[in-house]
Amino acid sequence: MDTLMWEAKARAGLGPELLRWVLTEGVSGLGEAVRTEVFTAADRVVVVAVGPEAPRTLPDPPADLVERAPHAWPFTRITTAAPGPGA
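Residues numbered from 1 in each chain as written. Predicted model: local features only at pLDDT ≥ 70, side-chain atom pairs only at ≥ 80, totals over all residues. Heavy atoms only, no water.

Peer 1: Give a description of the environment of V34 that names residues and reports values.
Peer 2: By secondary structure assignment, the location of V34 is in the loop between α1 (15–26) and β2 (35–41). Under the relative-accessibility criterion, V34 is labelled buried at 16%. Along the sequence, V34 and A49 sit 15 residues apart, while their C-alpha atoms lie 6.3 Å from each other. Non-local contacts of V34, meaning those with residues more than four positions away in its chain, are made with A49, V50, G51 and P55. (Helix = DSSP H or I, 4+ residues; strand = E, 2+ residues; numbered from the N terminus. Buried < 20%, exposed > 50% of the residue type's maximum accessible area, 1.4 Å probe, protein only. Contact = heavy atoms within 4.5 Å.)

Peer 1: So what's going on with the pairing of strand β1 (residues 3–9)? Which residues, and what values?
Peer 2: Summarising burial for β1: 5 of the 7 residues are buried, a large majority. Alignment of β1 against strand β3 (residues 44–50), held across 7 bridges, turns out to be antiparallel. Considered in β3, the bridge of E7 is made with V46. Summarising the sheet, β1 and strand β4 (residues 71–75) pair through 5 bridges and their orientation is antiparallel. Bridge pairing in β4 links E7 to H71. (Pairing = 2+ DSSP bridges.)

Peer 1: So what's going on with the nonpolar core? Residues and values would help.
Peer 2: Counting residues in hydrophobic clusters, the biggest one holds 16 residues, and the most contacted among them are W6, L18, V22 and L58. Leave out the neighbours within four places in its chain, and V22 touches W6, V27, V38, V45 and V47. (Core = buried A, V, L, I, M, F, W, Y, C linked by side-chain atoms within 4.5 Å.)

Set out below in structure tokens:
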């Protein structure tokens, strides 16, 4: 497996603080070989991390920022690019 999807739900009103934590501390230890994408929706922050091998999970955010413990799922990448037109 080479991809990790990580999701955390912020406590009410703390979405921006959780996002700040993810961007400054959460993804910092994944390493330079790992490509990360960070997404937000309302009170949730999602990180997709893709590397040459399974990325480790992110550290747990401070308990006062989250509604519950984060969830993480490992995946195996099947394709690296979308097929072009007519493919």
